[in-house]
Amino acid sequence: MSDLAHIRLVVPEIDEDELREVQAVLASGYLTQGPKVAEFERLVAERVGTRYAFATTSATTALHLALVAMGISAGDEVLVADFTFPATANVVVQQGATPVLVDVDSSTFTMDPKDLEGKITTRSRVLIPVHAFGLSADMDPILEIARAHGLRVLEDAACAIAATYYDRPVGSLGTAGCFSFHPRKAITTGEGGMITTDDDALAERIALLRSHGGVRTGNRFRFEAAGFNYRLSDILAAVGVAQLRKLDRILERKRELAAEYTRRLHGLEGVATPVDPAWHGHVYQSYVLMIDEAINRDRLIGAMRERGIETTLGTYALHAEPFFTRTYGYRPGDLPGSYASYRRSLTLPLYPSMTDADIDRIVDSLSCALASSPGTTR
Ligand SMILES: *Cc1c(COP(=O)(O)O)cnc(C)c1O
């Protein structure tokens, strides 16, 4: 095993293209938000199909900025899909509002509309569904519930650029969508994010709050709001512009590799492969399996590590994390779909430069690890 190269979870696709773009920006001397950010935003808006796109320093600041621009504050409730990276709910807490956690369907890992309706109160303002691992949430029932109750929908599309819901791009379905360009995502700027929207008033508010709340009038600013500095640098936008040129090739290769995984793993006892729901459009930011209840997933991760292969859990069930149990009184397991997903999901390596031989090795290692049951079962 030690003579084989270590297989990492994700390896970004960076080459001379990104270097050339960055070099040009450095040579221009314009280093903060400028023409490259504008170009990056125009390209993302085109891709997502929205009138506006605003680059930010991360998806976390994108989500925060969108919520502030929507006027979310103390006393408000925001309904958040429970199975997600904590940033999705932390930004709600930071506004003094209450995150109301909504269960997910453990087959798609996305917000369960059946659990949503009963959690809406007179204080509810915004719904945040998460497009988990590159698969869109089931948006039609979610949007219908939002319409019926006069709520806004903020899509956490952090890991789902170019994913679609019945052929419509995510980030264009709700009031606004937020994307991430962290290195774990399909394309990266190191750190970076984007808000997409078609809402004119929201767009104006986002533009104001992203940069200190200042409006330029003549030779000075007038500060109309207590804003942030969530601007992306042109240096990083240059990386993003180069990455976007690779996006389709990256997604195509990842889809191929995911299909190969599914073909090879289908029927293997103890694992369930990702589902392809009626709305399709999965872009496989991550390839995530569900492991049988009887198998110790964490030991499986250890056994794969011993074979030189990096794997990890899917993501977190927020209601079971200490901050949320302590602050809001949830008990682990209160949201059963999310809790099962947290305990039983397993992310396999997936990135475009992986070879078919890598897939062979990962599938063989997983089969061996599952078969050597004393090492993996409880
Ligand atoms: C990655 C991710 C985030 C955070 O993105 P950053 O750009 O790292 O802030 C938020 N939500 C989800 C669902 C994510 O996958």
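See the structure printed just above.
To start, this report covers the structure provided alongside it. (Residues numbered from 1 in each chain as written. Predicted model: local features only at pLDDT ≥ 70, side-chain atom pairs only at ≥ 80, totals over all residues. Heavy atoms only, no water.)

Observations regarding the overall build of the chain
Part 1: Secondary structure assignment for the chain yields 13 helices and 16 strands.
Part 2: The globule rule puts the C-alpha radius of gyration for 378 residues at 21 Å, and the 21 Å found for the chain is close to it.
Part 3: Overall size of the chain, expressed as C-alpha extent along the three principal axes, is 70 × 55 × 35 Å.
Part 4: Relative to its 378 residues, the chain shows a buried fraction of 55%.
Part 5: Of all intrachain contacts in the chain linking residues separated by at least 6 positions in sequence, the fraction that spans at least 24 positions is 71%.
Part 6: A total of about 16,000 Å² of accessible surface is found on the chain, and carbon and sulfur atoms cover 51% of it.
Part 7: Taking the average location of the 39 positive side-chain charges in the chain and that of its 48 negative ones, the two points are 4 Å from each other. (Helix = DSSP H or I, 4+ residues; strand = E, 2+ residues; numbered from the N terminus. Rg over C-alpha atoms; globule rule 2.2 N^0.38 Å. Buried < 20%, exposed > 50% of the residue type's maximum accessible area, 1.4 Å probe, protein only. Contact = heavy atoms within 4.5 Å. Areas by Shrake-Rupley, 256 points an atom, 1.4 Å probe, with all protein chains shown as cover. Lys, Arg positive; Asp, Glu negative; His and termini not counted. Charge placed at Lys NZ, Arg CZ, Asp CG, Glu CD.)

A word on the site of the ligand
Part 1: Of all residues adjacent to the ligand, which total 13 residues, the nearest are Ala 59, Thr 60, Asp 156, Ser 180 and Lys 185.
Part 2: Within the backbone of Ala 59, one N or O atom sits 2.9 Å away from an oxygen atom of the ligand.
Part 3: In this structure, Thr 60 approaches the ligand through a side-chain N or O atom, which is 2.5 Å from an oxygen atom.
Part 4: Isolated, the ligand exposes 380 Å² of accessible area, and the fraction of that covered by the protein chains is 88%.
Part 5: Tallied by class, residues from the shell around the ligand come to four nonpolar, seven polar and two charged. (Near = heavy atom within 4 Å. Polar contact = N/O pair within 3.5 Å; in protein donor to acceptor, adjacent residues only side chain to side chain. Nonpolar A, V, L, I, M, F, W, Y, C, P; charged D, E, K, R; others polar.)

Here's the deal with the packing of aromatic side chains
Part 1: Counted under the stated rule, the structure contains 16 aromatic pairs.
Part 2: Consider the rings of Tyr 52 and Phe 54, whose centres lie 6.2 Å apart with planes at 10°: the pair is stacked.
Part 3: Taking the centre distance of 6.0 Å and the plane angle of 75° together, the rings of Phe 83 and Phe 133 count as edge-to-face. Of this pair, Phe 83 sits in the loop between β2 (77-81) and α4 (87-94) while Phe 133 sits in the loop between β6 (124-128) and α6 (139-149), and the two are 50 residues apart along the sequence.
Part 4: With a relative accessible area of 1%, Phe 83 lands in the buried category.
Part 5: Relative accessible area serves as the criterion here: at 7%, Phe 133 is assigned to the buried category. (Phe/Tyr/Trp six-rings, centres within 6.5 Å; stacked < 30°, edge-to-face > 60°.)

Remarks on the packing of helix α1 (residues 16-28) against helix α8 (residues 234-265)
Part 1: Packing of α1 against α8 brings their axes to within 8 Å, and their N-to-C directions diverge by 150°. Judged by the inter-axis angle, α1 sits roughly antiparallel to α8. Judged by the twist between their axes, the crossing of α1 over α8 is right-handed. Contacts from Asp 17, Glu 18, Glu 21, Val 22, Val 25 and Leu 26 in α1 reach Asp 234, Ile 235, Ala 238, Val 239, Val 241, Ala 242, Gln 243, Arg 245 and Lys 246 in α8.
Part 2: Per-class residue counts for the contact of α1 with α8 are eight nonpolar, one polar and six charged. (Axes fitted to C-alpha atoms, helices over the stretch in contact; angles between N-to-C directions. Parallel < 35°, antiparallel > 145°, perpendicular 65-115°, else oblique. Left-handed = near helix turned anticlockwise from the far one by under 90°.)

Section: the side chain of Asp 103
Part 1: Of note, Asp 103 is situated in the loop between β3 (98-102) and β4 (104-105).
Part 2: One buried charge, Asp 103, has no salt-bridge partner; the nearest side chain with opposite charge is Lys 119, at 6.9 Å.
Part 3: Side-chain polar atoms of Asp 103 contact the backbone nitrogen of Gly 337, separated by 2.9 Å.
Part 4: In terms of polar contacts, Asp 103 uses its side chain to reach the backbone amide nitrogen of Ser 338, at 2.8 Å.
Part 5: Residues contacting Asp 103, with those up to four places away along its chain left out, are Met 111, Asp 112, Asp 115, Lys 119, Leu 335, Pro 336, Gly 337 and Ser 338. (Salt bridge = Lys/Arg side-chain N within 4 Å of Asp/Glu carboxyl O.)

Looking at the packing of helix α9 (residues 297-306) against helix α12 (residues 356-371)
Part 1: Taken N-terminus to C-terminus, the directions of α9 and α12 make an angle of 130°; their axes are 10 Å apart at the nearest point. Relative to α12, the element α9 lies oblique. When the axes of α9 and α12 are compared, the crossing they make is right-handed. Here Leu 300, Ala 303 and Met 304 of α9 come into contact with α12, specifically with Ile 362, Ser 365, Leu 366, Ala 369 and Leu 370.

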